[in-house]
Amino acid sequence: MSIKQEIVKLTAYDRKRAENFADLRCGEDQGLYQKRGGFKRDDVLCGALGEIAAYKMLRDQGFKVNKPDFTIHTKGKKSYGADLQDETKSFHVKSQTLSSEKKYGSSWLLQRTDPLLNKDQKSHYVIPSTVDLDNNTVK
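Scope of this entry: the structure provided in the associated data block.

## Quick notes on the overall build of the chain
For the chain, the helix and strand inventory stands at five helices and five strands. The helix and strand sequence of the chain, counted from the amino end, reads β-α-α-α-β-β-α-α-β-β. Accessible surface computed for the chain: about 9,000 Å², of which carbon and sulfur atoms make up 47%.

## Some points on helix α3 (residues 41-60)
It helps to recall that an α-helix has 3.6 residues per turn; residues three or four apart then point in one direction. Over its 20 residues, α3 extends 29 Å from the first C-alpha to the last, a length consistent with the 28 Å expected when each residue adds 1.5 Å. A positive backbone phi angle near 95° is found at G62, which sits one or two residues after α3.

## Observations regarding the pairing of strand β4 (residues 124-132)
Examined bridge by bridge, strand β3 (residues 90-97) and β4 share eight bridges and lie parallel to one another. Residue pairing for β4: H92 is matched across the bridge by V126. Here β4 runs beside strand β5 (residues 137-138); their pairing, made up of two bridges, is antiparallel. The partner of D132 across the bridge, within β5, is T137. Following β4, the chain reverses through four residues before pairing antiparallel with β5; N136 in that reversal takes a positive phi of roughly 55°.

The rules we used
- Residues numbered from 1 in each chain as written.
- Predicted model: local features only at pLDDT ≥ 70, side-chain atom pairs only at ≥ 80, totals over all residues.
- Heavy atoms only, no water.
- Helix = DSSP H or I, 4+ residues; strand = E, 2+ residues; numbered from the N terminus.
- Areas by Shrake-Rupley, 256 points an atom, 1.4 Å probe, with all protein chains shown as cover.
- Expected span 1.5 Å × (residues − 1).
- Pairing = 2+ DSSP bridges.

Structure below.
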């Protein structure tokens with residue numbers, strides 16, 4: 001299976017939805033995610049926008065995937081589940097900002113304990129994306 005590379009333009013509604021999630025995740029209880037190695041709000045926003053763009057791209061290509069789930073996981077409930085799924089395939093979205101790509105090149109991180117690295121995962125696919133936060137586009 002081959003998924004072509006494209007640029008997805010996000011709407012103001014998409015941006016607002018991702019901003020709301022980033023605000024919730026980075027809210028008063030930042031200790032919830034700090035123990036996972038810390039994070040920056042832009043990284044949270046980038047991940048949410050990457051998922052929205054991947055959802056739109058996959059739907060446009062005929063995949064009947066679920067909408068992104070912006071659930072805040074409680075301490076100890078880290079999920080390695082796919083970000084998007086249809087009946088037979090699982091898609092894991094990995095995102096980086098365009099500014100990061102310009103500084104360090106294209107790179108996406110997975111945790112050492114991620115089952116994608118340690119187990120034979122049939123019908124699991126990684127969608128790497130680069131998010132331009134200034135122009136609301138995702139490649």
